[in-house]
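Report on the structure
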Amino acid sequence: MLMNRVVRGWMFMQTLWFVFCFPQTVLAAENPKRQATVYCMVSEEKAYPFSAGKDRCFKEINGQKSAYKSATVCAMDTTDGPRLRFMYSVADKATCIEGSPVTKADDYSWGLEMLGKEEKEFFLKHIDTK
């Protein structure tokens, strides 16, 4: 019984040491980083990922400019935190490559802040919100 108390006390001290010496690790676990990526689906077979906020889909990609018809947003949980994928597609209905579609505006509104002007305008015109 005395040994159990000693071991538990030692483990508690190790935990306190870790928290005080590396507080950013504890905070990162409590506040995961939210990330957003833009996917430019130029055909059914090809999609190009880019960082959100650069309006990259609306510029030339490999010497060609695409005429997008639809948009959707997909959610994925990663070890780094939640990730949104904004899909811009030349197809009549954009689909998720990975993750599940997000239909409630409250679930993706934080990602809209990360989009560029053209990305955000196109997305808001082509998304069915609830």
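The paragraphs below set out a description of the structure included in this document. None of the values given here were measured: they were computed from a predicted structure.

Points about the overall build of the protein chain
Scanning the protein chain from N- to C-terminus turns up 4 helices and 5 strands. Secondary structure elements of the protein chain, listed N to C terminal, follow the sequence α-α-β-β-β-β-β-α-α. For the protein chain, the proportion of its 130 residues judged to be buried stands at 29%. Counting only contacts in the protein chain whose residues sit at least 6 apart along the sequence, the fraction spanning at least 24 positions is 56%. As displayed, the protein chain offers around 9100 Å² of accessible surface, 55% of which is attributable to carbon and sulfur atoms.

Observations concerning the pattern of salt bridges
Scanning the model with the defined rule gives 2 salt bridges in all. Between Asp92 and Lys69 there is a salt bridge, with its nearest N and O atoms 3.8 Å apart. With Asp92 in the loop between strand E4 (81-89) and strand E5 (100-101) and Lys69 in the loop between strand E2 (47-51) and strand E3 (70-78), the pair connects residues that are 23 residues apart, well separated along the chain. Classification of Asp92 as exposed rests on a relative accessible area of 66%.

Let's talk about the packing of aromatic side chains
Applying the stated rule across the entire model yields 7 aromatic pairs. The interplanar angle of 85° and the centroid separation of 5.0 Å between the aromatic rings of Phe86 and Phe123 together place this pair among those described as edge-to-face. Here Phe86 is found in strand E4, whereas its partner Phe123 is found in helix H4 (residues 117-126), with 37 residues between them in sequence. Put simply, the rings of Phe58, Tyr68, Tyr88 and Phe122 touch in pairs and so form one group of aromatic residues.

Conventions we followed
Residues numbered from 1 in each chain as written. Predicted model: local features only at pLDDT ≥ 70, side-chain atom pairs only at ≥ 80, totals over all residues. Heavy atoms only, no water. Helix = DSSP H or I, 4+ residues; strand = E, 2+ residues; numbered from the N terminus. Buried < 20%, exposed > 50% of the residue type's maximum accessible area, 1.4 Å probe, protein only. Contact = heavy atoms within 4.5 Å. Areas by Shrake-Rupley, 256 points an atom, 1.4 Å probe, with all protein chains shown as cover. Salt bridge = Lys/Arg side-chain N within 4 Å of Asp/Glu carboxyl O. Phe/Tyr/Trp six-rings, centres within 6.5 Å; stacked < 30°, edge-to-face > 60°.

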